[in-house]
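Coordinate inspection notes
Now for the letters of each chain:
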Amino acid sequence: MSLLLRNALAVSIGLFFTACAYPSRAITASELRCDYRVHPIDIDNLQPCLGWVLHSDRRADRQSAYQIIVATRLDRLTPEKADLWNSGKVQSANSITAPYQGKPLTSRTVCYWKVRAWDKIGKAGPWSGNTSWEMGMLSPQDWQGKWINDGRSNPKNDAEFYQEDPAPQFRKEFAVTRKVARARLSICGLGYYEAHMNGARVGDRCLDPGWTRYSAHALYSTYDITTQLHLGANCLGVTLGNGWYNPLPLRMWGSKYLRDSMPVGRPRFLAQLEITYQDGGRQSVRSDTTWKVAEGPIRFNSIYLGEIFDARRITYGWDRPGFHVNQDWRYAAVASEPMGALRAQSQPPIRVTEQLKPVRITEPSPGVFLYDMGQNFAGWIRMRLAAPAGTKILLRYGELLHTDGTLNPMTSVAGQVKGTRKTADGKRESMGGPGAPPIAWQSDTYIASGNGIETYIPCFTFHGFRYVEMTGWKGQTTPEIMTGLRLNADVPRVTSFTCSDPQFNQIQTMCDRTFLSNLFSVQSDCPHRERFGYGGDIAATSEALMMNYDMATFYAKVVRDDQDSALSDGMLTDTAPFVGIQYCGVAWAMSHPLLQQQLYRYYGNKQLIEEQYATSRRWLDLVTKQYPNHIIQDGLNDHEGLDPAPAPVMLTPLYAATADTVGGLAQILGRETEATHYRQLAADIRKTYAEKFIDPTTGKVGPGTQGSQAFALYTDSVPTAQRTTALTSLLANIAAHKGHLTTGIFGTKYLLDVLSREGHSDVANTLVSQKTFPGWGWMLANGATTLWEHWEGSDNTYSQNHPMFGSVSQWFVQWVGGIQPANDANGFDHIVLRPQLVGTLAQAVTRYHSVRGDIVSSWGRNGQRVFFYFDVPANATALVYLPTIQRVIESGTPATKAPGVTFVRVEAKQTLYKIGSGHYEFDIIDPAKSP
């Protein structure tokens, strides 16, 4: 390899060859986490799981034991003084989910902790740095405040919901009498809230709390506001938005009435501020009917249609102490609608994560200005301008432009509400129902105050868009007027992937934008017209997202949403939270057990399986009763594929795979009898399926499409004796389509994986590399910046920001990059490193920050040589697949003699080695160029 290429790889993956430069040091622990979170202040798990990342410069090092100490004060954080827990030396390799086993924890307890580990030879490492977690509200009795609202009732008829209904603003003054040691505000405001303390916003969370089925659970957030309190008078203010708790009665698709299927009510909140003084005294400020409430400047707000903000109605100082309360302010009322239990919000909050400036401004007609933000995304705009009082500025949002350069908002219209219909009395109304607009596009309206330069950012809505149309503005347009604010759940990015193919890198970027556009406390199908948490979209892309972001707590919430949304008989629903859509069936509901399995493989989350297994089992037993002959007869399957997709052929393999998944969950829990039962069920399903749908001579499955072949092969539903012919049939189909795919939501994921696993990654590479229809290259060639819902695209119907074809990102990281969790992995303790030298690709550089630490898999070609760089974190092992059966050198030594390297076997022209933790450099002859 040339020195230039070698250095490029080394720099891009951040390699530090410390093992060669320094003598061996002790094993160390860092990145301490409690229930997968850093410094959480609202843990409501009585036995939280503690985890840390280990570092060692010794190859194949592992943890043989650990010791944790936990104390209520930093000066007690020693083995001798720890007053909550001293675990002593625990003989265990568990470094990611060590359960707290100290004294019982109570609400608001502050827990300081640290850990040390012993390495594989029994040598103790140093203590880690100090960190902490705090307990949240552990019982309903801890909440001493009341749910309150503005005392008004919702309209009696649907049309009135579309009239102005100002967002209420609540205020409460209180006194701080001495020096404060700690202040914590816990709050849940439905549908959304924004809290202020002494005139300043509390925290940086947006669109909080996360959407749940409120009749089962509502999420509260806790803020450290110690520095926001003043000695003397203080004021806490709260503004409420409708969110998902008070949605409009918009008939989605002309028929789906969300208010019939979701818990709804007047916006409300529950808040509790607890102040601890330096002298040990305590004070509590709670939501109750002594709070005052008045109308705010947000005159209308809807998650779908947007909001109307009248800056002339801003009441300056309302959230500060000393404000004069006039007759417009009245006492708050107790909210009477039933509400589910409160739970601490553990998933990453929604935040502004990027700012975008316009790349182009046009004026397609006089007075109509279009801002092109350069890419599709989800979030808000920030508008800064000066205008005369009363100037009404209308902002409309869309993903596309018409051919004449005007805004095309039609692909993002809520629920496809486009047009009118005749009513029973012969009149016409919007297909969205009484009062609904004829076209339910996304828009915001801002009415200027006339007080100089004004800044507007929406509050209780969000949009999916690339283009912003502004009308009503009479001034000069400049880029400074409009800024895009990307919003998404602030999931930590854990992967970097780059390669020598520019199109692959562009597709990866397109996937990243699409994924983030659809993470808003639920993983949605699109960020505008639906926004629902469809299980099928999640099942098809969950691993792609886990290979890009830390999804440990986000997906744990999704699993709990599934449980909360289950029907009374235990049937899991198509969407969670449930919105009344229930026709998709097994492929959508299977996300519940599937996510549990994946959260265990990626993050070691066994507690969630213990909590949720009964729900998965109950659902699967219902499915078994519905289909006693083992063949699934109905349901949605390879959505938006280009070939026929008969439900029995496509869904039955997923049923078998899900039975295996539930059996695996039972195995993890030690329920051997149940594990055997479900695995036998899976075997019986596969046997029936093969007899009914697989041609033993040709290997064709059902109609013999790419989808039907991929579904069967991916789920191991093809008998071993017929697997080769089934694969041959699949390859012939791809060839007949000139190297193009025809698959949909699931088939695309399964197709790329099956081809790569079976030694045909070159064919997978051809599919992904296509620049003509259908494929990702076709999207790019037609201006896509995010993934389309349909391979053909659309200018009127299909979303331009849909994650389901993002499974290709998983292929990049797991196959081109080669980083995969082993099938039996418990939090990435067993890793598979299997990079594929596809096509003419010259190099690929991939880093994944797992729950155990960094995993690196990078490779580059130089003539007949291929160099591989692998990093494996301490306390993990990896199975390495090298594409050769010839001489293999590792760090200048024959691989069979290299420390930390164990030869395993040769299979299908691949040499397999097992390696422990550390950094490895393999040097082989390129099999594609060898004689």
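Right above here is the structure, for reference.
Described below are features of the structure shown in this document. (Residues numbered from 1 in each chain as written. Predicted model: local features only at pLDDT ≥ 70, side-chain atom pairs only at ≥ 80, totals over all residues. Heavy atoms only, no water.)

Points about helix 13 (residues 720-736)
The terminal C-alpha atoms of helix 13, which comprises 17 residues, lie 25 Å apart, in line with the 24 Å expected from a rise of 1.5 Å per residue. Within helix 13, the full set of buried residues consists of Gln722, Ala726, Leu727, Ser729, Leu730, Asn733 and Ile734. Looking straight down helix 13, one finds its buried side chains confined to an arc of 160°; they lie on one side. For helix 13, exposure combined with an orientation more than 90 degrees from the buried face picks out Ala721, Thr724, Ala735 and Ala736. One or two positions beyond helix 13, positive phi appears at lysine 738, with a value near 55°. (Helix = DSSP H or I, 4+ residues; strand = E, 2+ residues; numbered from the N terminus. Expected span 1.5 Å × (residues − 1). Buried < 20%, exposed > 50% of the residue type's maximum accessible area, 1.4 Å probe, protein only. Arc of directions from axis to C-beta.)

What to know about the sheet that holds strand 47 (residues 910-915)
The sheet built from five strands is open, its strands ordered 38-39-43-47-46 with mixed pairing. The sheet terminates laterally at strand 38 (819-821) and strand 46 (901-907), the two strands that pair on one side only. Across this sheet, the average inter-strand angle for adjacent strands is 25°, counted without regard to direction. (Pairing = 2+ DSSP bridges. Axes fitted to C-alpha atoms, helices over the stretch in contact; angles between N-to-C directions.)

Observations regarding the sheet that holds strand 14 (residues 232-241)
Pairing between the strands of a sheet comes from backbone hydrogen bonds, and it takes one of two forms, parallel or antiparallel. Spatially, 12-11-14-9-19-22 is the arrangement adopted by the six strands of the open sheet, whose pairing is antiparallel. Each edge of the open sheet is held by one strand with a lone partner, namely strand 12 (200-201) and strand 22 (330-331). As paired strands, strand 19 (residues 292-295) and strand 22 are joined by two bridges and run antiparallel to one another. Paired with lysine 292 across the bridge in strand 22 is tyrosine 331.

A few points about the packing of aromatic side chains
Under the counting rule described, the total for this entry stands at 44 aromatic pairs. Between phenylalanine 170 and phenylalanine 269 the ring centres are 5.0 Å apart and the planes differ by 70°, which places this aromatic pair in the edge-to-face class. Residue phenylalanine 170 is found in strand 9 (residues 168-176), and its partner phenylalanine 269 is found in strand 17 (residues 268-277); the two are separated by 99 residues along the sequence. Note on phenylalanine 170: relative accessible area 0%, which makes it buried. Look at tryptophan 211 and tryptophan 244: their rings are 3.7 Å apart centre to centre, the planes differ by 5°, and that puts the pair in the stacked class. With tryptophan 211 in the loop between strand 12 and strand 13 (217-224) and tryptophan 244 in the loop between strand 14 and strand 15 (251-252), this pair connects stretches of sequence that are 33 residues apart. Owing to a relative accessible area of 3%, tryptophan 211 belongs among the buried residues under this scheme. Of the residues examined, tryptophan 244 reaches a relative accessible area of 3% and is grouped as buried. Aromatic ring contacts, followed pair by pair, group Trp211, Trp244, Trp253, Tyr304, Phe532 and Tyr534 into a single cluster. Above the face of the tyrosine 881 ring, arginine 834 is positioned so that its terminal group lies 4.2 Å from the ring centre. (Phe/Tyr/Trp six-rings, centres within 6.5 Å; stacked < 30°, edge-to-face > 60°. Lys NZ or Arg CZ within 6 Å of the ring centre and 35° of its normal.)

Describing the pattern of salt bridges
Taken as a whole and judged by the stated rule, the model has 45 salt bridges. Residue aspartate 42 pairs with arginine 37 through a salt bridge whose shortest N-O separation is 2.7 Å. Arginine 37 carries the same exposure label as aspartate 42, and that label is buried. Of the charged contacts, one joins arginine 529 and glutamate 789 as a salt bridge, the two residues approaching to 2.9 Å between their closest N and O atoms. (Salt bridge = Lys/Arg side-chain N within 4 Å of Asp/Glu carboxyl O.)

Side note on helix 11 (residues 672-693)
Its 22 residues give helix 11 an end-to-end C-alpha distance of 31 Å, which sits within 8% of 32 Å, the value for a rise of 1.5 Å per residue. Taken residue by residue, helix 11 has Glu674, Ala675, Tyr678, Leu681, Ala682, Ile685, Arg686, Tyr689, Ala690 and Phe693 as its buried positions. Buried residues along helix 11 cover an arc of 165° about the axis, so they all sit on one side. Exposed and oriented more than 90 degrees from the buried face of helix 11 are Thr673, Thr676, Lys687 and Glu691. Buried positions along helix 11 lie against helix 9 (606-626), helix 10 (647-668) and helix 12 (706-714). (Contact = heavy atoms within 4.5 Å.)

Re the side chain of arginine 686
By the element assignment, arginine 686 lies in helix 11. Owing to a relative accessible area of 15%, arginine 686 belongs among the buried residues under this scheme. Apart from the residues lying within four places of it in its own chain, the contact partners of arginine 686 are Ala656, Ala657, Asp660, Thr715, Asp716 and Ser717.

Comments concerning the state of the cysteines
In a disulfide, the sulfur atoms of two cysteines are held together by a covalent bond. Counted under the stated rule, the structure contains zero disulfides. The structure places no disulfide on cysteine 49, whose sulfur is separated from the nearest cysteine sulfur, that of cysteine 34, by 8.4 Å. Between cysteine 188, a cysteine without a disulfide, and cysteine 459, which holds the nearest cysteine sulfur, the sulfur-to-sulfur distance is 16 Å. (Disulfide = S-S within 2.5 Å.)

A short note on the environment of cysteine 459
Position of cysteine 459 among the secondary structure elements: in the loop between strand 34 (453-456) and strand 35 (463-471). On the basis of relative accessibility, which here comes to 13%, the residue cysteine 459 falls in the buried class. For the pair cysteine 459 and isoleucine 298, spaced 161 residues apart in sequence, the C-alpha separation works out to 8.6 Å.

Comments concerning the packing of helix 6 (residues 552-565) against helix 8 (residues 591-603)
Think of two packed helices as two axes; the pair is described by the angle between the axes and how far apart they sit. The geometry of helix 6 relative to helix 8 is characterised by a closest axis approach of 10 Å and an angle of 155° between their N-to-C directions. The angle between the axes of helix 6 and helix 8 places the two elements in the roughly antiparallel class. Considering how the two elements wind past one another, helix 6 and helix 8 form a crossing that is left-handed. Here Ala552, Tyr555, Ala556, Val558, Val559, Asp562 and Gln563 of helix 6 lie close against helix 8, whose contacting residues are Ser591, His592, Leu595, Gln596, Leu599 and Tyr603. Grouping the constituent residues of the contact of helix 6 with helix 8 by class yields eight nonpolar, four polar and one charged. (Parallel < 35°, antiparallel > 145°, perpendicular 65-115°, else oblique. Left-handed = near helix turned anticlockwise from the far one by under 90°. Nonpolar A, V, L, I, M, F, W, Y, C, P; charged D, E, K, R; others polar.)

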